[in-house]
Structures are given as C-alpha cells and as structure tokens.
Amino acid sequence: QVQLVESGGGLVQAGGSLRLSCAASGRTFTSYTMGWFRQAPGNEREFVATISRSGSSTYYADSVKGRFTASRDNAKNTVHLQMDSLKPEDTALYYCAATIRDSIYATSRYHYNSWGQGTQVTVSS
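Described in the following lines is the structure provided in the data block.

The rules behind the values
- Within each chain, residues carry numbers counting from 1 in the order of the written sequence.
- Given that this is a predicted model, residues contribute local features only at a pLDDT of at least 70 and side-chain atom pairs are listed and counted only at 80 or more, while totals for whole chains, interfaces and linings are drawn from all residues.
- Calculated side-chain values reflect all of the structure's heavy atoms, with hydrogen atoms and water omitted.
- Here a helix means four or more residues in a row that DSSP labels H or I, a strand means two or more in a row labelled E, and each is numbered from the N terminus.
- As defined in this context, the radius of gyration uses C-alpha atoms, and a globule is described by 2.2 Å times the residue total to the power 0.38.
- Only protein chains enter the accessibility calculation, which uses a 1.4 Å probe. A residue is then buried if its area is under 20% of the maximum for its type, exposed if over 50%, and partly exposed in between.
- Counting rule for charge: Lys and Arg are taken as positive, Asp and Glu as negative, and neither His nor the chain ends is counted.
- Just so you know, the charge point we use is NZ for Lys, CZ for Arg, CG for Asp and CD for Glu.
- For salt bridges, the criterion is a side-chain nitrogen of Lys or Arg within 4 Å of an Asp or Glu carboxyl oxygen.
- The criterion is simple. A nonpolar core is a set of buried Ala, Val, Leu, Ile, Met, Phe, Trp, Tyr and Cys residues joined through side-chain atoms within 4.5 Å.
- Contacts between residues were defined by any pair of non-hydrogen atoms, one from each residue, lying within 4.5 Å.
- Note on terminology: pairs of cysteine sulfur atoms within 2.5 Å are recorded as disulfides.
- Two strands pair under a simple rule: DSSP has to find at least two bridges between them.
- Axis definition: a line fitted to C-alpha atoms, over the contacting stretch in the case of helices. Angles run 0 to 180 degrees between N-to-C directions.
- Each polar contact in these results corresponds to two N or O atoms within 3.5 Å; when the atoms are within protein, one needs to be able to donate a hydrogen and the other to accept it, and residues that are neighboring in sequence are counted only if both atoms are side-chain atoms.

A word on the overall build of the chain
Part 1: Each helix and strand in the chain was counted, giving zero helices and 11 strands.
Part 2: The order of α-helices and β-strands along the chain, N terminus first, is β-β-β-β-β-β-β-β-β-β-β.
Part 3: Taken over the C-alpha trace, the chain has a radius of gyration of 13 Å; the compact-globule value for 125 residues is 14 Å, and the two agree within 12%.
Part 4: Here the C-alpha coordinates of the chain stretch approximately 40 × 25 × 25 Å along the principal axes.
Part 5: By residue count, 44% of the 125 residues in the chain fall in the buried class.
Part 6: With 12 positive and 9 negative side-chain charges, the chain shows a spacing of 6 Å between the two charge centroids.

Have a look at this one:
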C-alpha cells in the first residue's frame, strides 16, 4: 500500500516532449516495482513502462521504446517518465502504479496494488 500522485501532463505538439512525475508517500518505496500505464477514451488501459526497485532496469512497450525513458529517485520517493518525440497516438490519461512483484515484466494492470489519479497528456498534430 502506497499513495501515488502523478503530475506533469499537458498539451504538446507532435514531436515535442513532456516529463511526467509520480510522487509516493509511503515509507517502503524501494519495495515496489513501478509501472506506467495509459488509457485513451474508449480504450483499455495499456502498459507503457516499468522500472525495477533499484532503478537499474527498465522495460518498455514496443510503441514507446526509444522515445520514452523511465527513471526513479528512491531518496525522494519519486519516479519519472521522460517522453520525447511525442505522437498524437500517445494522447491518453497516464497512470503511475506500484506492485510488490519484483519483476520489470509486470505488464498487466492486475499486477499492481496502488494507482495514482492520472495525469492527462494530449499531443496535437
């Protein structure tokens, strides 16, 4: 159980960049693999990226590989998602999530115990 709050979303033109942040309020942040998911209207919530407990390993969906970068600062209980070369298809509500599962291949929403409220990312063409 950990409280999560996302921030950093906004409106950006195609080809631009945004940096999302997720602040955790728990005292056991390093016990969690962190994930990023997104959901567009009418679509299922889909996996975007994961980062391991230490921050040493990451895993990305094919759709964002090479464009998005996940990172974490365990001293500050914070994770980030740097999004570059944004496309209109990236438009969605982005969620930060936490799981006790110690694997970067935790790509299902059902692996996650805690979720943030989401932050909107809109990419215009």
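Now that the structure has been shown, the text picks up again.
Quick notes on the pattern of salt bridges
Part 1: Taken as a whole and assessed by the stated rule, the structure comprises five salt bridges.
Part 2: In this structure, the salt-bridge partner of R53 is D102, at a minimum N-O distance of 3.8 Å. Here the residue R53 occupies a position in the loop between β5 (46-51) and β6 (58-60), and D102 occupies one in the loop between β9 (92-99) and β10 (114-115), the gap between them amounting to 49 residues.
Part 3: D102 sits in the exposed class, given a relative accessible area of 54%.
Part 4: Beyond isolated ion pairs, a larger network of salt bridges with shared partners links R38, E46, R67 and D90.

Observations concerning the nonpolar core
Part 1: One finds M34, L81, M83 and Y94 to be the most contacted residues of the largest nonpolar core, which totals 34 residues.
Part 2: Elements represented by at least two residues in this core include exactly β3 (18-24), β4 (33-39), β5, β7 (68-73), β8 (78-83), β9 and β11 (119-124).
Part 3: Examining the composition of this core, we find that five residues originate from one element, β9, more than from any other.
Part 4: Non-local contacts of M83, meaning those with residues more than four positions away in its chain, are made with G16, S17, L18, L20, R67, F68, Y94 and V121.

Considerations on the state of the cysteines
Part 1: Per the counting criterion, the structure on display carries one disulfide.
Part 2: In this model C22 forms its disulfide with C96; the gap between the sulfur atoms is 2.2 Å. Across the S-S bond of C22 and C96 the torsion is about -80°, and the bridge reads as left-handed. One end of the pair, C22, is in strand β3; the other, C96, is in strand β9, and 74 residues separate them in sequence.

Quick look at the sheet that holds β7
Part 1: A sheet is described by the order of its strands in space; here four strands give the open sequence β1-β3-β8-β7, paired in antiparallel fashion. Looking at which strands have only one partner, the edges of the open sheet turn out to be β1 (4-7) and β7. Going from strand to strand, the sheet's axes swing by 15° on average, the running direction of each strand aside.
Part 2: As paired strands, β1 and β3 are joined by four bridges and run antiparallel to one another. Paired with S7 across the two strands is S21, which belongs to β3.

Quick notes on the side chain of T99
Part 1: Relative to the elements of secondary structure, T99 occurs in strand β9.
Part 2: Relative accessible area serves as the criterion here: at 1%, T99 is assigned to the buried category.
Part 3: A polar contact is formed between the side chain of T99 and the backbone nitrogen of R101, at a distance of 3.1 Å.
Part 4: A distance of 2.6 Å separates the side chain of T99 from the backbone oxygen of H111, its partner in a polar contact.
Part 5: Not counting residues within four places of it along the chain, the set of residues in contact with T99 comprises S31, Y32, T33, A106, H111, Y112 and N113.

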